[in-house]
Amino acid sequence: MAVERVATGFRWAEGPVYFPAGRYVLFSDIPNNRIMRFTEDDGHVSVYRQPSMNSNGNTIDREGRLISCEHSGRRVTRTELDGSITIIADKYNGKKLNSPNDAVVAADGSIWFCDPAYGIGGFYEGIKADAEQDKKNVYRVDPKSGDIKMVVDDFVQPNGLCFSPDEKKLYICDTGFTDGPDNPSHIRVFDVDLAGGKLSNSKVFAEMPKPSITDGLRCDTAGRLWCSVGWGDPNEDGVRCYMPDGDLLGKIHIPETVANLCFGGMQRNRLYICGSSSLYAVYTSAQGAMKP
């Protein structure tokens, strides 16, 4: 189970998502303003979309459609099965979102996404602009009405999200450390009221070794949490796997800063890892929960 570099030559690889129907991985190359596609059967790499509105996090909904968080668009979009693009969210309380970063889709079709300010901080990964939202929130989009509701408002910089396999927990990264040494670099976990669209009982699930931060999250079928690690000690660059109770089970070392990851493969046991300029892959003894 050696780690393989399956593709390289990107400026900043992020937001991987696996499409079982086509056996391919889509992932963002944010500064190059494109979404890339890695085809699993023959290893072919191609451009899926350019420009991509500096897309960052991607996921797949239960109908097999691509959900993307776009920095320069300051919006969350859905690519329909016919290729057309639907705007899911671009405003809250009549004001533009900051720069949606990552999203997850629940079994009821609700879309949950985070809205930090990284995409409006400069021109490298978006378009520099002033924030219109007072806070950097986490939101829920109602599957029937399309209404957008704020569900958490006390993050410094909310980032990667992931439901537990039973959708009773929601894990969310806080990468606020990028804005100051006293800010958090950790994963929080919430109890989920899916029907009510609410989160409660917030607690810190795992602390990251500063100055490293964790950006992306995925669960396996046993409820273990796999997270990216980077931007700090090179010896910590890679992936961490935590037990459901928060104990650190193990690490996968990668020679580059890791931003995000997803499970894929015909048996859902191949972990795809976005490591800065490259896409890595490793077969694991776990199977991804494959909940978006």
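As the structure is a computational prediction, the values presented were derived from the model and not from experiment. (Residues numbered from 1 in each chain as written. Predicted model: local features only at pLDDT ≥ 70, side-chain atom pairs only at ≥ 80, totals over all residues. Heavy atoms only, no water.)

1. Notes on the overall build of the chain
What counts, and what does not: Strands are runs of DSSP state E lasting at least two residues, helices are runs of H or I lasting at least four, and both sets are numbered from the N terminus onward. What the globule rule says is 2.2 Å times the number of residues to the power 0.38, and the radius of gyration is computed from C-alpha atoms. For the exposure calls, accessible area comes from a 1.4 Å probe over protein chains only, and a residue counts as buried if that area is under 20% of its type's maximum, exposed if over 50%, partly exposed in between. The contact definition used throughout considers only heavy atoms, calling two residues in contact when any of these lie within 4.5 Å. In short, Shrake-Rupley with a 1.4 Å probe defines the accessible areas, and a residue's cover is counted only from the protein chains shown.
Looking only at helices and strands, one finds zero helices and 24 strands in the chain. Over its C-alpha trace the chain gives a radius of gyration of 17 Å, about what one expects of a compact globule, namely 19 Å for 292 residues. Overall, the chain is about 50 × 40 × 35 Å in size when its C-alpha atoms are taken along their principal axes. Within the chain, the proportion of its 292 residues that are buried is 58%. For the chain, long-range pairs separated by at least 24 residues make up 46% of all intrachain contacts whose partners lie at least 6 apart in sequence. Within the structure as shown, the chain displays about 11,800 Å² of accessible surface, and the carbon and sulfur contribution to it stands at 47%.

2. Considerations on the sheet that holds strand β20 (residues 225–229)
Here is the rule: We call two strands paired when DSSP finds no fewer than two bridges between them. Angles shown run from 0 to 180 degrees and are taken between the N-to-C directions of axes, each axis being a line fitted to C-alpha atoms and, for helices, limited to the stretch in contact.
Ordered by their spatial adjacency, four strands build an open sheet running β19-β20-β21-β22, and the pairing between neighbours is antiparallel. Every other strand in the sheet has two partners, leaving β19 (217–219) and β22 (248–253) as the edge strands with one partner each. Each adjacent strand pair in this sheet contributes to an overall mean axis angle of 20 degrees, direction not counted. Pairing of strand β21 (residues 238–242) with β22, which is carried by five bridges, proceeds in the antiparallel orientation. The partner of Val-239 across the bridge, within β22, is Ile-252.

3. Description of the environment of Glu-167
Within the fold, Glu-167 resides in the loop between β15 (158–163) and β16 (169–174). Taking the relative accessible area as the measure of exposure, Glu-167 reaches 7% and is therefore buried.

4. Here's the deal with the pairing of strand β8 (residues 85–89)
Strand direction decides the pairing type here: strand β7 (residues 75–79) and β8, joined by four bridges, are antiparallel. Paired with Thr-77 across the two strands is Ile-87, which belongs to β8. In sequence, β7 turns back onto β8 through a hairpin of five residues, with Gly-83 there showing a positive phi of about 95 degrees.

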